[in-house]
Amino acid sequence: MGVFGGAIFVVISLLVSDLAVTTLGHTNGKREETVEAGSCDASAGSWVYDSSYPLYNSSQCPFLQKQFKCLENGRLDRDYLKYRWKPAGNCNLPRFDGRAFLFGLRGKRLMFVGDSLSLNQWQSLTCMVHTAVPEAKYTLTTVAGLSNFSFPEYGVQLMFFRDAFLVDIVSTSTGRALRLDSLQNAKLWEGVDVLVFNSWHWWLHTGRKQPWDYIQEGNKIYKDMNRLVAYKKAMNTWAKWVDSRVDPSKTTVFYQGVSPDHATASDWGQPNADACVDQKHPLAVRRYPAGPNPAELVVEKVIRSMTYPVRLLNVTYLSQLRVDGHPSVYGLGGHRIMDCSHWCLAGVPDTWNLLLYQSLVAHNF
Ligand SMILES: *[C@@H]1O[C@H](CO)[C@@H](O)[C@H](O)[C@H]1NC(C)=O
Ligand SMILES: *[C@@H]1O[C@H](CO)[C@@H](O)[C@H](O)[C@H]1NC(C)=O
Ligand SMILES: *[C@@H]1O[C@H](CO)[C@@H](O)[C@H](O)[C@H]1NC(C)=O
């Protein structure tokens, strides 16, 4: 009996660890559903050349912002458009079916909340869906940081709310306080059916790019602190909000995962390269030379401590391999502001959306 029980346990834990979109929180039935859906681990794998890629033609996505339009900004090499993520083992990501996506989400609202990497993924998703149903009417508005892309015939709203830290920045007489334990903006997300959160890159900014003057936690004031520690505290504030305020039977919560930048070429063993400039192909390695991103480990730890079953889009490793996927000098800033953080569209965030799609399909939306 002991052996038998042990064997079953091993099989189940293998399946669980084998999930594409890992539900890290614990069991309230959702985890079992994911296992039954038979999805497989998409976090490990490799990029394969696929002549049917990209998933859409960026010049036919009229609302795509200039910062992601690498071809239109003069990028000439095109191989970077042609890679499909092939998860390891006997596993493939589903082909994106925009009609099925809209039908599954009919009557619902989906919102990305986070920084410009959230904008990147939201723009990718709206291009993917628009390409699938080019004749379907849509409206697009942006008011006070909230962008609303809506397909009225389906009653579907795909939104993006810009909120780089998730926690609050409050202006006071003594300066701008980054409040690690305060989440006032959450009012704006409450009641949204599908939430996709992300925050990380802004935690690293210093000097003029840092939009706060001091850090506050409770009554304690800090001039600065280790940014990874601050990030973890803020993520725990977010986690507490999700655990106490979000009903898993009504709202699905994703974490977008940490998007790696490629500003330091020694990270992937090319110390003489100029960051991501002139990179034309993904890395063909089985392990990213610099190892996991420290922020990714924080996210995993925080999510694991939660009662709400957050679904992590585990995009870090697959994106780490895409040294070729960034705008570099074909973004907003040309040679002046090289961009090795965001991603060209079409491009890598399309795959993040395939993970999102796979998870929604597996749970019947
Ligand atoms: C995310 O993917 C990486 C690379 O495959 C893996 O090492 C890590 O364990 C995954 N994280 C989770 C929470 O599944
Ligand atoms: C993308 O669309 C543009 C404008 O409609 C067209 O000129 C171009 O050939 C298309 N590119 C591909 C690869 O189909
Ligand atoms: C988004 O736009 C749709 C269509 O115009 C509208 O019905 C809806 O109320 C908007 N949602 C928000 C949150 O503004």
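Shown above is the structure to which this text applies.
Residues numbered from 1 in each chain as written. Chains lettered and ligands numbered in written order. Predicted model: local features only at pLDDT ≥ 70, side-chain atom pairs only at ≥ 80, totals over all residues. Heavy atoms only, no water.

## Description of the overall build of the protein
Phase 1: What the protein contains, in helices and strands, is nine helices and 16 strands.
Phase 2: Residues counted as buried form 53% of the 365 residues belonging to the protein.
Phase 3: Sequence separation of 24 or more characterises 75% of the internal contacts of the protein that already satisfy a separation of 6 or more.
Phase 4: A total accessible area of about 16400 Å² is found for the protein, and carbon and sulfur atoms account for 54% of it. (Helix = DSSP H or I, 4+ residues; strand = E, 2+ residues; numbered from the N terminus. Buried < 20%, exposed > 50% of the residue type's maximum accessible area, 1.4 Å probe, protein only. Contact = heavy atoms within 4.5 Å. Areas by Shrake-Rupley, 256 points an atom, 1.4 Å probe, with all protein chains shown as cover.)

## What about the packing of aromatic side chains?
Phase 1: Tallied over the full model, the rule gives 20 aromatic pairs.
Phase 2: Seen in terms of ring centroids, Phe-165 and Trp-203 are 5.0 Å apart; in terms of plane orientation they differ by 75°. Their pairing is edge-to-face. Remark: Trp-203 occurs in the loop between β10 (194-197) and β11 (214-217) and Phe-165 occurs in the loop between β7 (156-162) and β8 (168-172); sequence separation between them is 38 residues.
Phase 3: By way of ring pairs, the aromatic residues Phe-165, Trp-200, Trp-202, Trp-203 and Tyr-231 are connected into one cluster.
Phase 4: A cation over an aromatic ring shows up here: Arg-75 above the ring of Tyr-80, its NZ or CZ 3.7 Å from the ring centre.
Phase 5: The ring of Trp-47 has Arg-322 lying over it, and the distance from NZ or CZ to the ring centre is 4.5 Å. (Phe/Tyr/Trp six-rings, centres within 6.5 Å; stacked < 30°, edge-to-face > 60°. Lys NZ or Arg CZ within 6 Å of the ring centre and 35° of its normal.)

## A look at the site of ligand 2
Phase 1: Contacts to ligand 2 come from Asn-57, Ser-59 and Gln-60.
Phase 2: Contact distances for ligand 2 include 3.0 Å between an oxygen atom and a side-chain N or O atom of Gln-60. (Near = heavy atom within 4 Å. Polar contact = N/O pair within 3.5 Å; in protein donor to acceptor, adjacent residues only side chain to side chain.)

## As for the layout of surface pockets
Phase 1: The calculated volume of the largest pocket comes to roughly 810 Å³.
Phase 2: Forming the walls of the largest pocket are 33 residues, and the residues nearest its centre are His-201, His-205, Asp-261, Asp-339 and Ser-341.
Phase 3: Elements represented by at least two residues in the lining of the largest pocket include exactly α4 (116-132), β15 (328-333) and β16 (337-339).
Phase 4: Tallying contributions element by element places β16 first for the lining of the largest pocket, with three residues.
Phase 5: Partitioned by chemical class, the residues of the lining of the largest pocket number 15 nonpolar, 12 polar and six charged.
Phase 6: Taken as a whole, the second largest pocket spans an internal volume of roughly 250 Å³.
Phase 7: Taken together, 15 residues form the lining of the second largest pocket, with Gly-45, Ser-46, Val-285, Arg-286 and Tyr-317 sitting closest to its centre.
Phase 8: Counting only elements with at least two residues in the lining of the second largest pocket, the list comes to β2 (45-49) and β3 (83-87).
Phase 9: Among the residues making up the lining of the second largest pocket, the classes are represented as 11 nonpolar, two polar and two charged. (1 Å grid on protein atoms, 1.4 Å probe; cavity = no way out; pocket = protein on both sides within 12 Å on 5 of 7 lines; lining within 4 Å. Points joined across faces, edges and corners; volume = space filled by probe spheres on them. Nonpolar A, V, L, I, M, F, W, Y, C, P; charged D, E, K, R; others polar.)

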